[in-house]
Structure formats: C-alpha cells, structure tokens
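# Chains, contacts and geometry: an overview
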Amino acid sequence: MTTFSLLHYSVEDGIADIVLDNPPANVITPEMTTEYFAALDQANANPDVKIIILSGKGKGLSGGVDLKLLDTYGPTDMKAFLSRFYVEMIDKVRALSKPIMASVHGYAMEGACTLAFACDMVIASSDAKFGYPGVPNLAAPPGMHVWFLQRLIGRMKAAELIYTGDPISAIEAERLGMITRVVAPEDLTFESRKLAAKVASMSPVGLRAARELIYRMENMDFKTVPGTALDALSLAFASEDSKEARRAFVEKRKPVWTGK
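### Looking at the overall build of the protein
Counting its regular elements, the protein contains 12 helices and 9 strands. If you line up the protein on its principal axes, its C-alpha atoms span 60 × 45 × 40 Å. Burial statistics for the protein: of 260 residues in total, 43% are counted as buried. Residue pairs at least 24 apart in sequence account for 67% of intrachain contacts in the protein once pairs closer than 6 positions are excluded. Total accessible area on the protein stands at roughly 13700 Å², and carbon and sulfur atoms take up 59% of it. Each charge sign in the protein was given a centre, from 29 positive and 31 negative side chains, and these centres are 6 Å apart.

This is the structure we're talking about:
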C-alpha cells in the first residue's frame, strides 16, 4: 500500500477518491505527479473500484504547475518534468480500465485543467473557474489545452481563451460543452458521488469496452468506424455480463454482474 503525503486516497462503495492536498493552492510538482500516478495504479488494480473521482482539498482543484519550481529548471529538466506530467499522465489516464471523473470547486488553472479534462467527465460547482494563463503568465502556449479546447469548444472560442488567459466560469463552460454539468457548491460532493455511483452500478465489462471505444474512435477516420463498432459490439455481446444484462431486461430485474 502506497503512503501519500500530497494527496488522500480512499475507497468506498466502489468509488476511489483521489483528493489533491498540497496547500495553499494544490500546485502540481514532480512529487505530486508521482503520487497521482501511484494512486491511479492502485485504483486501477483494485477489483473493488468501479470508478475514480479526482478532486482537490481547500479552495480549489489546483492552481496548476508550481511556477516557482519551474523557474529553477533548465530546459532539460523542464522538458523531463512536463513530459512526465503531460505526456505520461495522459497515457496513464487513458489506459485505465475504469472511468474517471473530476469534481471541481473553486478553481482549476492551467495544469489543473489538464488533470480535469484528461478525465472522462467533469462535474463542477457553480463557483468554479477554469483558466489557461499560459500566454500572459509564461509567454508560452498552454500545452495540452491547445488540443483539448479546440475539440471541446472549437477553434475560435479556444483561441480567445488561450490568447487572453481569461478564466471561464463553470456555468459558461457547461454552456459551451466543456464540462459534464454544474451544480450548487453545497451539492458538489453529493452530486459527484451520485453520478459516480450510477456509473459504478454498470457492468465493469461494459464500462471498460465503452471507454476503450470512446478513445479509439476519437480521431478515427469514419471509414473505419463501422467495422470497429461491429467488432466491439460482437465481442461485448459474447461476455457473460452482456448475456446477464439481456436476461435481466427481459425478466424485469436488476442484473447481477460477474465482470466476465
């Protein structure tokens, strides 16, 4: 069992909670990145975990990568850290065998947006703000957000947010389709766990197959889509969980999943 000092990890009712805790702003460091990777590995290896929730302790999810730390780095060190945080983190999250969602309150700035938008879903409180201050604060493009934002909200609006660095409210982010839903601040924990519990009640086989297909199809040429979909459906229908789902539907009862 891994010991964590910059985050909290717990499992209850099929939900693994990963809560960043590096006060005062939960800034992202190499050490936090390592702990986050370890928490993801632990959750992914635990058969009792059906879904993962990422959140932050204190006033927000995270203020982003620690700029004071980056200021001490030379070009080689900077590239090594950012390669681990951006490239390896995205690969690790996408390789998970179970869904992950971000629960955001307060603020999610720059690298914190990378953490949030790497997840499958984002639920945020109405007081939350998302920001990409790479250009004004670093005189540099905001990394992965150039890719994420264009696919989430289109090039024009993405360009505005990237060039100005102005934060966007959770309410506006929901309107633009950037996040899953917005809830009242006092309801964030309840609504996050309610959504997580609903997902966790689904077949592990079905969730794993659906998640894999979402990312496989993300940038797929349409000519290959029908065949890929056919293969995925045919394979899924042969699973014991799929057979149980069909029996339960006909018999008007809740299915009992075996994960096979």
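Right, picking up where we left off after that structure.
### Concerning helix 6 (residues 145-153)
Every α-helix carries 3.6 residues per turn, so stepping three or four residues along brings you back to the same face. Every buried residue belonging to helix 6 is among His145, Phe148, Leu149 and Ile153, and all of these are buried. Buried positions in helix 6, seen along its axis, are confined to an arc of 90° and lie on one side of it. As for helix 6, its buried residues are in contact with helix 3 (75-94), helix 4 (111-117), helix 7 (155-164) and helix 8 (170-176). Positive backbone phi, approximately 95°, marks Gly154, located one or two places after helix 6.

### Points about the sheet that holds strand 5 (residues 107-109)
Strand order in this open sheet of 3 strands is 5-7-8, and the pairing throughout is mixed. In this open sheet, the two strands that pair with only one neighbour each are strand 5 and strand 8 (168-169). With 3 bridges connecting them, strand 5 and strand 7 (residues 129-131) associate as parallel partners. Among the inter-strand pairings, Tyr107 is bridged to a residue of strand 7, identified as Lys129.

Rules used throughout
Residues numbered from 1 in each chain as written. Predicted model: local features only at pLDDT ≥ 70, side-chain atom pairs only at ≥ 80, totals over all residues. Heavy atoms only, no water. Helix = DSSP H or I, 4+ residues; strand = E, 2+ residues; numbered from the N terminus. Buried < 20%, exposed > 50% of the residue type's maximum accessible area, 1.4 Å probe, protein only. Contact = heavy atoms within 4.5 Å. Areas by Shrake-Rupley, 256 points an atom, 1.4 Å probe, with all protein chains shown as cover. Lys, Arg positive; Asp, Glu negative; His and termini not counted. Charge placed at Lys NZ, Arg CZ, Asp CG, Glu CD. Arc of directions from axis to C-beta. Pairing = 2+ DSSP bridges.

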